[in-house]
Every structure is written in structure tokens, then in C-alpha cells.
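Remarks on the overall topology
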Amino acid sequence: MKRTTRPGAEAVAVKGRWSANRWLLARRFTQLSILGLFMLGPWFGIWLVKGNLNASLTLDILPLTDPYVLLQSLLAGHRPEMVAITGALIVTAFYLLVGGRVYCAWVCPVNIVTDTAHWLRERLGITGAARLSSTARYWILAASLLLALFSGALVWEFVNPVSMLHRGLIFGMGLAWLLVLAVFLLDFLVSRRAWCGHLCPVGAFYSLLGVRSLLRVRADQREQCDDCMDCFLVCPEPKVIRPALKGADKGIGPVITSANCTNCGRCIDVCAKDVFRFGSRFGNRADKPGQTTHQSLGVEALR
Amino acid sequence: MARTGGGVTLFSMGIGLYARQAASLPALALRPPGALDEAHFIGACIRCGLCVRDCPYDTLSLARLGDEVATGTPYFTARDVPCEMCEDIPCVKACPTGALDHELSDIDDARMGLAVLIDEENCLNFQGLRCDVCYRVCPSIDQAITLEMQHNRRSGKHALFIPTVHSDACTGCGKCEKACVLEEAAIKVLPTRLAKGELGHHYRWGWKEKQKAGGSLVTPDQQHRYNLPQGERYDYEGEGLIFEQNSGRTPFASDPLDTLNRGVEGRR
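Residues numbered from 1 in each chain as written. Chains lettered and ligands numbered in written order. Predicted model: local features only at pLDDT ≥ 70, side-chain atom pairs only at ≥ 80, totals over all residues. Heavy atoms only, no water.

Observations regarding the interface of chain A and chain B
Our working rule: Note on contacts: a residue pair is in contact if any heavy atoms of the two residues lie within 4.5 Å. Throughout, the accessible surface (probe 1.4 Å) given up by two parts as they are put together, summed over both, is called the buried area. Here, a salt bridge means any side-chain nitrogen of Lys or Arg that lies within 4 Å of a carboxyl oxygen of Asp or Glu. In the analysis that follows, any N or O atom pair within 3.5 Å is treated as a polar contact, provided that within protein one partner can donate a hydrogen and the other can accept it, and provided that, for residues neighboring in sequence, both atoms belong to side chains. Numbering of helices and strands starts at the N terminus; helices are DSSP runs of H or I of at least 4 residues and strands are runs of E of at least 2.
Contacts between the two partners involve 45 residues from chain A, matched on the other side by 39 residues from chain B. With both chains or domains summed, chain A and chain B bury close to 3300 Å², and 69% of this area falls on carbon and sulfur atoms. For the chain A face of the interface with chain B, the top three residues by lost area are A:Trp139, A:Phe158 and A:Phe171, together amounting to 23%. Where chain A packs against chain B, one counts one salt bridge. The salt bridge involving B:Asp54 is made with A:Lys50; its shortest N-O contact spans 2.8 Å. Joining chain A to chain B, the criterion identifies 14 residue pairs in polar contact (both at pLDDT 80 or more). When residues of the side of chain A that touches chain B are assigned to their parent elements, the largest contribution, five residues, is made by helix 7 (residues 136–151) of chain A.

As C-alpha cells, then:
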């Protein structure tokens, strides 16, 4: 069937423009706010947060360190000071709880670049795609750790577009624009969701943190699904939805359990039937589809 | 699987090789105080820029992609902004990983590089002028840089005051390089590995060994005997050649003609 409307159009019609873009807007707001906190210093001299996503110091008291870059440093043979380790533990604990790839959808500045590239790609109807394996990122992750181990240097940091973009915005870009442009073109012309969905080892690392995370998207109302496919079309990691949405017959529960779900909430936005919502990983039983667990009720109450 | 693995391996080899190139540090880029040696620094620094933020003089900057310094790592160029050698060393305190060694508590122990008076042909002091600027601005004046007096052979009657750097006290802050009045600094801070020679490990300075041992280690001490003309002797304690006053003969008579005549006589 040839689609005539863009994904989410029905949701806009049913729920209104605001409700149908709620999580997308919340995400953009969060991404820009975090970036804004880092920019307050260099732009306005208000130093609430110093540093960048690799390591930062908030209000001169809270250290935060990217556990991925610190792990590379450890493998490179350096024993870091306690401050860096504490920072990495705080960050790790946070993402263990809310899902590692929340970093990708809610924090990482490259997400705005790749989402824009994806949006443009869809608008222009570009379909041809280079075949990339979505496991390539884990290979690259392993390679980046091995390179650190054997070279004694943070090799990935020489090319990492994620830290380059964030650091560049705060400390000055130099030629890092070229790398960002490369990522944009990759997602725009070469392959759908190529960077974040297939290649980025930062996302791969954070996905490993999120294997057992509490906060999950749940397809609790999956019997309402009318197969409009909108959620698959907007999802940056389409593979993660299918088991939870369509697995009722196979005894699979309604919780999206894949570590690669970024908790972006876009599927919640675009579903006109309100199949999805944020909840916890508990109560993932297939036998009573649509049952509301007390945990998910709790999250519902917080909204 | 094989395709992905192969592709990633090729990609990794590429960035591995690129990183080797990109990690080289140009001679005039200096690391902040307390930086581990470069090979370790490049694995310990996580490119966060907190040292840059806490530098009160904006000396430090984070390398951008395309700079000659490893991207995201801190450095400074002495001729632009030298290190002001803060006593509380805020950049080191800010470093979360210890890539800037937290053991460094006295800024005078920092070794960011070593000043070298690199151009003796243009240094004003080497021409006999009293510029002295590098000496005057040195935070460790009279220790890291001293002025050593030498004879000025050009004028024949003046002195040269040669700025002389001492590696046991120079921190490599670069204030001398910044202050040098020439268009291009005659004194520059270089990485220590470039600035310093290293003695062959089996070499020993004879006189130091002798002093340590309290006497000669090779042959017994003997005073060299000079075969001097009559009426002259040599003082070994430092006075040098001495003409005996009462010998009746001095090399130079009061009447210069006598000296000449004597020479003529001697030749007969």
C-alpha cells in the first residue's frame, strides 16, 4: 500500500498537534537545555557547568564523566583520579536506571544532526541505501577499546564526532564541522539512520548500560494496534518494537526490552491509538495484554 | 558478519594510523604544568577542557580539529600567552583524571619545557647590549636564568652579559619567550626532550668522581713541573706565573732598548 500521509498525521488529527509531538518537543527541549547549560559559561560568563560531555563539573561540586571515554583511558594504562571515577559511577548509575540510550535520544548533540538528516531524507523520498549491519557499532566499540589497549592513546577521541561536536560548540570547532557534515551526509544520502543506528560506538556502549534498565516504553494497549506502521517508520531502532507490539501470540510481554530502544518516545507521539507509554520493565507478562501494573501506574501518576 | 568485521577492521586500522600521525606534538605547543609525559598524557587526558576553564589567564586552549595538536587536548604557545605560574596551580586541580599530575604541589617543580637561548646571532645581550629582558621577567630570576659575564671581543674593552638558562630551575613557563623584544624570539621554550642532551650512561666526569672519592682514582696526584727560565716560578694555588723580584733579570727592562739589545746578543 502506498502511503499518502506522513507518519504521525493521524495522531495529529486525533490527539492534536501538541500531544502528537509531546515527547519530541520534550526531547529537543532537554537536548538544547543541556547544551545551553554548557554554553552559559562561554557565552554569558555564567559558569554553572564547566567542561563538556567527556567530563564536566556542575556548580563546582558535581563531577560527571563519560564512562566510555574513562574506560578507554583505563585500558590505555592510566589510573585516573577519584574525581573522574566518581563522575563515571554517577553517570553509569543514572543510565543503568533510565536506559543507556537515553543518552542518545535526550543528551547527545549529534542526535539533532542525524534526526535532521533523517527528516530531510524522508521528505525528499530518498530510498537507496548502502547495507550496513546494525551490529557494526559493537565491532567498532570493541575496536575502539582494543585500539586504546594496544596503543596507549584514546584513539577513538581523534575521530569521535559525538565529543567533537559538543566540545566544538563550547571550545571552538576548527575543522570538526567536516566530521559533523560527514555524519549528516551519511544519514541523509548513504543509508537510513546510518550513524546512530548502525555505527556509533558511543551509542553501542550506552546500550550495554541499558540492558537491565528500569524505564521502558511499553506497548500496553497493543491490542488496539491498527497496523498503521507509523511507529516503525519513526523509530530510530525499528527492530526493537516488533516483539513487544506483535509478540502477544508468541507469549512475549508488552515491554520493549531491547537495550537499543533509546526511550525517545516518538512511537508514543505518533500512535493515534495510544498503544505505547513510558513505564517500568516489571510486569512484562504476555497473558494479560493491556493490564496496567502498579509500577506503570506510578509512572503514569508522575506525569 | 565477516563483511562487517572486515569493514570495521579496515576502518580501525585507518583511524589507528591517523591517530599516530595526529598525536604528534609540535615543538612550540607546550602542555600545562604537571602534564604526564606525552605518551602517557595522550591516553590519560579525556579532552574535557576543565583545565582550560580554570586557567585564570586564558593561557590554555583546547586543540581544535585541524590544529597540529591532538584534538581536544590542552596546550599553550608561550609566545602568545605564557604560563603565569599560579601558586595554587588551578589547572592541575581541575584535571579530573590526573593527566595533569596532582602530585605537583609547588609550581616551581613544573617542567613544561626548557627555555633555550636559541639564536645567539640576534640576541641583543650577545652583541654586548644590556637588554636583559628575558632575565628580568623570569619568575625564577637568578636561578632559572642568570647573566654570565664574558669578555666582549668585538669592542675589546666591554663585557657581554650572557643570559644562561639552568635546567634545574627552569619551569618552561615561557615568560622569557613572550618578553623577548626581537621580532622572533631569540629565546624559546622547547620540550625538554629537544632542549636537553643526555650524557652516555657510562660517562663519568673525572673531576666530580675525584671529588667524591677524595682523591684521584687513576694515578696519584702529581704537580706538573714547568720547565721555567731562571727567576720565574709557577704558583699552583692560583696566582700563576711569578717573576722573582730579586733575580736581577726581568723580561722587560725599563729602557726598551736594553730589551732589544739583549735579544740581539742572545742570537749571537
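There's plenty left to go through after this.
Here's the deal with the domain arrangement of chain A
Residues and elements named next belong to chain A. As a reminder, the rule being used: Residue ranges assigned to the domains are those given by an automatic or database domain assignment.
Looking at chain A, the domain boundaries give domain 1 (17–209) and domain 2 (216–300). Each of domain 1 and domain 2 was reduced to a C-alpha centroid, and the two centroids are 26 Å apart. On the domain 2 side, the residues contacting the 22 residues of domain 1 number 20 residues. Taken together, both faces of the contact between domain 1 and domain 2 bury some 1400 Å²; the carbon and sulfur share is 40%. Counting across the interface, domain 1 meets domain 2 through two salt bridges. In this structure, the salt-bridge partner of Glu237 is Arg101, at a minimum N-O distance of 2.4 Å.

Some details on the sheet that holds strand 2 (residues 55–58) of chain A
Residues and elements named next belong to chain A. For the record, the criterion: Two strands are said to pair when DSSP picks up at least two bridges between them. For helices, the fitted line uses only the C-alpha atoms of the stretch in contact; every axis is such a line through C-alpha atoms, and the angle between N-to-C directions lies from 0 to 180 degrees.
Read across the sheet, three strands follow the order 1-2-3 without closing on themselves; strand pairing throughout is antiparallel. Each edge of the open sheet is held by one strand with a lone partner, namely strand 1 (49–52) and strand 3 (62–65). Shown here is a sheet whose adjacent strand axes are inclined to one another by a mean of 10°, direction ignored. Where strand 2 lies against strand 3, four bridges are found, and the strand directions are antiparallel.

Examining a negative patch on the surface
Residue and element names in this part refer to chain B. Short version of the rule: Candidates for patches are residues over 30% relative accessible area with no salt bridge; among them, like charges are joined within 9 Å and nonpolar side chains (Val, Leu, Ile, Met, Phe, Trp, Tyr) within 5 Å. Here the open area of atoms and residues is found with the Shrake-Rupley method and a 1.4 Å probe, where only the protein chains shown may cover a residue. His is not counted, nor are the chain ends; Lys and Arg add positive charge and Asp and Glu add negative charge. Here the site of a charge means NZ on Lys, CZ on Arg, CG on Asp, or CD on Glu. Partly exposed describes any residue whose relative accessible area lies between the buried limit of under 20% and the exposed limit of over 50%, with all areas from a 1.4 Å probe on protein chains only and scaled to the type maximum.
Negative charge collects at one region of the surface, where Glu87, Asp88, Asp106, Asp108 and Asp109 lie side by side. Within the secondary structure layout, Asp88 lies in the loop between strand 3 (74–77) and helix 4 (90–94). Under the relative-accessibility criterion, Asp88 is labelled partly exposed at 47%.

Some details on a nonpolar patch on the surface
Residues and elements named next belong to chain A. The grouping of Leu37, Trp43, Phe44, Ile46, Leu48, Leu59, Ile61, Leu62 and Ile90 at the surface amounts to a nonpolar patch, some 910 Å² of accessible area in total. Here the nonpolar patch gets three residues from one element, more than from any other, and that element is helix 2 (residues 22–44). Locating Leu48 in the fold gives a position in the loop between helix 2 and strand 1. Relative accessible area serves as the criterion here: at 32%, Leu48 is assigned to the partly exposed category.

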